[in-house]
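Chain and residue survey
Spelled out, the chains give:
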Amino acid sequence: MLPEQMAAVGVPECGVCHEEYQSRGDKAPLTLTACGHSVCSQCARELIRHHPHGRRAARCPTCRVDTTEDAVRPTYLARECVATLQALAMGSSVLSTIKTWALWLVGWLVLTLVWVSTPLVAVVVFVSVWVRDLLLATFTDLMGIRVPPIRLPAGTSLSPSQYVALINMFYGDIKLESIYRSSRDGSTYGNLLDRVGDKLLLVFIIRKGRYVFGAFISGGLELPENPTDCNEYDCDVWWFSLAGHFWRPTKIDIPQQKQRVIRWRERRGLPAVRSCLQAIDSSDVPAGYWGKWTGYGDACLGGRDGFVADEVEVLAVQ
Ligand SMILES: [Zn+2]
Ligand SMILES: [Zn+2]
C-alpha cells in the first residue's frame, strides 16, 4: 500500500464516541484487557463511572465483558500506529494542497503565456530584425572586407539588409545610385529637381519614425505647373515596405488604373518634399500587413495619410 492509500483509509476511531484516536490525551486508545477491545481514554473513564452495577470496571460496549479499572491499559503499539497514520494523513493533505496549487499555477502560467505571447513574438521579431540590421551595418561599416560584397550606394540612408531587400524586388541585376536626400540637399522642389534631373527610373525612400517604405516609378518626375496640383502621367509604379509594416520587406503591386506617383502636398511652413500624402487601397495590401490604416480603410505606410517624413531619399536605377 502506498502512503497516500494508507492515509485515505484514515485513522481508526473509538467505537463509542466515533472520534478519531489520537496518539496521546483524551482520545488515546486504551485496551480493555479482559476482552481485547479498545476505546478512547475519555470513553473508558465514562464506562467505569457508569458501570451498570456500580463496579470499578468498564463494561465493553462491543462484547459486554467487564474489565476492572486497573486492567484498562494503554496499548503503545496502537498509539504508535495512530501517530504514524496521523502523520501520513497530514502529509497527504499537504501534498494534495500543493498539487492543487501547482495545477492552478500551471494553468495560470499557460493562460498568461498565451495572452502575452502574441505581442511578445512581435517584439522578439522586431528586436531581432533590428539587432540583425545593426550587426550587419556594424560589420559592413567596421569590417567591410569580411562581409561578402554588399556595396551600398554612397550616401544612402538604407541599411545593408534594406538595400539587399530592395534590390531583390527588381528580380534582376541592377545598381542604385543615391542622388537626393532631403536632409543633405534641402526639402524644396528646386532641391529635388536639381538632383533628379531627367532620370527616369527612380526609387523614392520615405522614412517616418520606425517606418521605412517607398515607391518605384519608371517615368521620372513631371511636376505640375502649380505645385499644389496633381499631375498624372503614364508610368509603372509599385510600392514597397522595408520596415514597420510586414515581417519582412514586402513589395506592394498596385493595379495599373490606381497607380499614382507620390503626391507632394504644399502647405505653408512645411518642407515641401517631406510633406506627403500617401495611402493604399486595402484590396491592394498584401497579407500580413500590421501597419496603420486610415479612417477610410486604406493602408497608410507613414502611420497617417498625411505626414511630414523624417527623410526622403531618391535613388536612381542604373
Ligand atoms: Zn471514545
Ligand atoms: Zn470486548
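Rules of the game
- Residues numbered from 1 in each chain as written.
- Chains lettered and ligands numbered in written order.
- Predicted model: local features only at pLDDT ≥ 70, side-chain atom pairs only at ≥ 80, totals over all residues.
- Helix = DSSP H or I, 4+ residues; strand = E, 2+ residues; numbered from the N terminus.
- Buried ≥ 20, exposed ≤ 12 C-beta atoms within 10 Å, placed from the backbone.
- Contact = placed C-beta atoms within 7 Å.
- Pairing = 2+ DSSP bridges.
- Axes fitted to C-alpha atoms, helices over the stretch in contact; angles between N-to-C directions.
- Arc of directions from axis to C-beta.

Moving on to the overall build of the protein chain. In terms of regular secondary structure, the protein chain is built from six helices and 16 strands. In the protein chain, which comprises 318 residues, the share counted as buried stands at 24%. Long-range contacts, defined here as pairs at least 24 residues apart, represent 56% of the contacts in the protein chain between residues at least 6 apart.

With that settled, consider the sheet that holds strand S8 (residues 211-217). Strand order in the open sheet made by the six strands is S6-S16-S7-S8-S9-S10, with antiparallel pairing throughout. Each having just a single partner strand, strand S6 (176-181) and strand S10 (250-253) make up the two edges of the open sheet. Recorded for the sheet is a direction-independent mean angle of 25° between the axes of neighbouring strands. Contacting strand S7 (202-208), S8 and strand S9 (237-243), helix H4 (residues 160-168) runs over the sheet at an angle of about 155° to S9. Along the sheet face, helix H6 (residues 189-196) touches S6, S7 and strand S16 (311-317) and points at about 155° away from the line of S6.

Working note: α-helix, 3.6 residues per turn, so residues spaced by three or four point in the same direction. Where helix H2 (residues 41-49) is concerned, the buried positions are Cys 43, Ala 44 and Leu 47. One side of H2 carries all its buried residues, which in axial view fall inside an arc of 105°. Next to the buried residues of H2 lie strand S1 (29-32), strand S2 (38-40), strand S3 (57-59) and strand S5 (72-74).

The next subject is the sheet that holds S1. Strand order in the open sheet made by the three strands is S2-S1-S5, with antiparallel pairing throughout. The two strands at the open ends of the sheet, each matched to only one other strand, are S2 and S5. Pairwise comparison of adjacent strand axes, ignoring direction, gives a mean angle of 40° for this sheet. Contacts from H2 reach S1, S2 and S5 within the one sheet, and its direction differs from that of S2 by about 100°.

Taken by themselves, the reported measurements are silent on function.
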